[in-house]
Amino acid sequence: MTDLAAAEEFIELFHAENPNAGSVRDRIAWVRAEIDETGTYQHTEDELAFGARVAWRNSARCIGRLYWKSLRVRDLRSAEDASSVATHCAEHLRLATNKGKIRPLISVFAPDRPDAPGPRIYNDQLIRYAGYPEPDGSTVGDPQYTGFTKTVTAMGWQAPKSRGAFDVLPLLIETRDEGQLLFTLPRKVVKEVPLRHPEFDWFAELGLRWHAVPAISNMRLCIGGISYPAAPFNGWYMGTEIGARNLTDADRYDLLGVVADRLGLDRSDERTLWRDRAAVEINRAVLHSYAEDGVTITDHHTESHRFLAHVAKEGRAGRGCPADWSWIVPPMSGGLTPVFHRYYDDPETTGPQFVLDPESVQRGQHGGPRCFAEPERPRRDTAPVLVTGGSAG
Ligand code: ARG
């Protein structure tokens with residue numbers, strides 16, 4: 001049963017910020033009657049789009065919120081079966097990539113209803129790289145996804161013949177009626193950038209690459225008491241996410257040592273700051289390569305200034321800006337950016353939100369546990385189906 005108070009609070013917010021949307025009292029009366037009758041209510045397209053944008057505006061961990069109003073919203077609430085979800089996810093990537101000029105986009109699939117739960121996407125992002133443990137304890141690929149890779153492999157996914165460090169994982173989608181199914185993304189919707197350095201030719205020899213679009217796919221979109229469990233969304237990358245985390249974290253690609261050696265740095269003593277120097281060069285390579293390939297990316301200095309512009313703008317609109325300092329401050333050169341030198345409003349607990357459930361974290365990393373009981377007649381074709389990109393609306 002949908003919470004009436006949450007519904008009313010959202011409808012009031014929608015009408016307060018959209019004064020031309022008609023009578024708030026009529027709409028609330030309608031919503032109340034619909035909840036009485038069906039146990040839930042349906043958002044109008046405008047409410048859905050507004051709710052999704054405000055969920056971004058409320059994302060305390062996101063430094064990139066200046067453009068929250070420009071989020072494009074695909075209303076895919078009628079897509080309920082796994083294969084149409086997968087097809088629309090491929091189309092999401094094509095539209096979001098936009099040949100490199102990345103568009104912030106969200107695709108909203110069917111909500112949870114009292115009689116029928118919505119679909120679930122297990123992957124934490126639409127594009128993720130497989131991780132393969134090696135006998136010597138090292139990993140080929142992204143160590144964060146060794147569990148997920150193992151699970152989808154057991155389900156019938158076949159890694160490429162020569163396993164690489166950047167093999168794109170299949171989508172793992174579950175619906176109550178169909179159970180769990182795998183879908184391979186068409187190659188052409190996965191834009192990637194080979195990494196090279198503006199000065200050091202050897203950098204390209206490392207064979208590094210990263211994907212253009214970060215599309216988070218395991219967070220629940222909550223608007224006015226309605227929960228949309230599958231609502232993948234994306235912005236564009238800030239370079240440090242790739243250069244100072246994905247490629248450098250010790251439990252990810254862990255490349256600082258490799259790059260420091262190529263730079264000829266003295267690694268015998270921390271005080272040479274070889275880690276910091278290697279990190280800077282990796283981050284230069286990321287920003288340089290994306291820019292040269294015409295793929296939207298931002299740097300942490302520019303984005304910090306934009307974020308403070310956003311905070312000021314929100315203040316002028318009479319709103320606070322909930323923010324989590326430990327996520328807003330970039331993972332390198334924190335003190336060199338203005339976002340470091342102040343504090344922020346505490347994260348919002350009401351209003352539209354993107355919520356990350358602990359089980360969703362598990363599913364994103366390990367490919368389980370499943371959400372629903374196994375269907376009575378499970379589908380036998382567990383091997384991944386190639387979804388057709390570029391055809392769906
Ligand atoms: N940090 C994540 C990654 O490296 C992406 C999170 C969302 N980032 C964004 N720029 N919208 O893949």
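About the criteria used
- Residues numbered from 1 in each chain as written.
- Predicted model: local features only at pLDDT ≥ 70, side-chain atom pairs only at ≥ 80, totals over all residues.
- Heavy atoms only, no water.
- Near = heavy atom within 4 Å.
- Polar contact = N/O pair within 3.5 Å; in protein donor to acceptor, adjacent residues only side chain to side chain.
- Nonpolar A, V, L, I, M, F, W, Y, C, P; charged D, E, K, R; others polar.
- Pairing = 2+ DSSP bridges.
- Helix = DSSP H or I, 4+ residues; strand = E, 2+ residues; numbered from the N terminus.
- Axes fitted to C-alpha atoms, helices over the stretch in contact; angles between N-to-C directions.
- Core = buried A, V, L, I, M, F, W, Y, C linked by side-chain atoms within 4.5 Å.
- Buried < 20%, exposed > 50% of the residue type's maximum accessible area, 1.4 Å probe, protein only.
- Contact = heavy atoms within 4.5 Å.
- Phe/Tyr/Trp six-rings, centres within 6.5 Å; stacked < 30°, edge-to-face > 60°.
- Lys NZ or Arg CZ within 6 Å of the ring centre and 35° of its normal.

1. Some words on the site of the ligand
(1) Moving on: As a structural note, the neighbourhood of the ligand is formed by Gln125, Arg128, Pro214, Ile216, Gly235, Trp236, Tyr237, Glu241 and Asn246.
(2) Moving on: In this structure, a nitrogen atom belonging to the ligand sits 2.6 Å away from a main-chain N or O atom of Trp236.
(3) Moving on: Its residues assigned to classes, the shell around the ligand shows four nonpolar, three polar and two charged.

2. Observations regarding the sheet that holds strand β12 (residues 226-228)
Pairing between sheet strands relies on hydrogen bonds along the backbone, with the strands arranged either parallel or antiparallel.
(1) Moving on: Strand order in the open sheet formed by three strands is β12-β11-β16, with antiparallel pairing between adjacent strands. Edge strands, defined here as strands with exactly one partner in the open sheet, are β12 and β16 (353-355). This sheet shows a mean twist of 30° between the axes of neighbouring strands, independent of strand direction.
(2) Moving on: With three bridges connecting them, strand β11 (residues 220-223) and β16 associate as antiparallel partners. When the bridges of β16 are listed, Arg220 appears paired with Val355.

3. What to know about the nonpolar core
(1) Moving on: Judged by nonpolar contacts, the single largest core of 55 residues is most densely connected at Leu185, Trp210, Leu247 and Tyr290.
(2) Moving on: Secondary-structure elements contributing two or more residues to this core are α4 (82-97), β2 (105-109), β6 (171-175), β7 (179-184), α6 (202-205), α8 (256-263) and α9 (274-292).
(3) Moving on: For this core, the element with the most residues is α4, which contributes eight residues.
(4) Moving on: The next biggest cluster of nonpolar side chains, apart from the first, holds 26 residues, and it includes Phe14, Ala55, Trp56 and Trp68.

4. Some points on the environment of Ala86
(1) Moving on: Topologically, Ala86 is positioned in helix α4.
(2) Moving on: Along the primary structure Ala86 and Ala309 are separated by 223 residues, whereas in three dimensions their C-alpha atoms are 37 Å apart.
(3) Moving on: Non-local contacts of Ala86, meaning those with residues more than four positions away in its chain, are made with Leu171, Ile173, Phe183 and Val387.

5. Side note on the side chain of Glu303
(1) Moving on: Summarising the element assignment, Glu303 is placed in helix α10 (residues 300-316).
(2) Moving on: We classify Glu303 as buried; its relative accessible area is 3%.
(3) Moving on: For Glu303, the side chain forms a polar contact with the side chain of Thr298, separated by 2.7 Å.
(4) Moving on: Beyond its immediate sequence surroundings of up to four residues, Glu303 is in contact with Ile63, Gly64, Met238 and Thr298.

6. Description of the packing of aromatic side chains
Note on aromatic pairs: each is described by the distance of the centres and the angle between the planes.
(1) Moving on: Counting across every chain of the model gives 13 aromatic pairs.
(2) Moving on: Ring centres 6.1 Å apart and planes at 35° place the aromatic pair Phe10 and Phe50 in the tilted group. Of the two residues, Phe10 sits in helix α1 (residues 4-17) while Phe50 sits in helix α3 (residues 45-57), which places them 40 residues apart along the sequence. Assigned by exposure class, Phe10 and Phe50 land together as buried.
(3) Moving on: With 5.8 Å between their ring centres and 40° between their planes, Trp202 and Phe203 make a pair best called tilted. Neither Trp202 nor Phe203 differs from the other in exposure class; each is buried.
(4) Moving on: Following the ring pairs from residue to residue traces out a cluster consisting of Tyr129, Phe166, Trp210 and Tyr253.
(5) Moving on: For the cation-ring pair, Arg267 lies above Trp274, with the distance from its terminal atom to the ring centre recorded as 5.2 Å.
(6) Moving on: The side chain of Arg363 reaches across the aromatic face of Tyr122, ending 5.7 Å from its centre.

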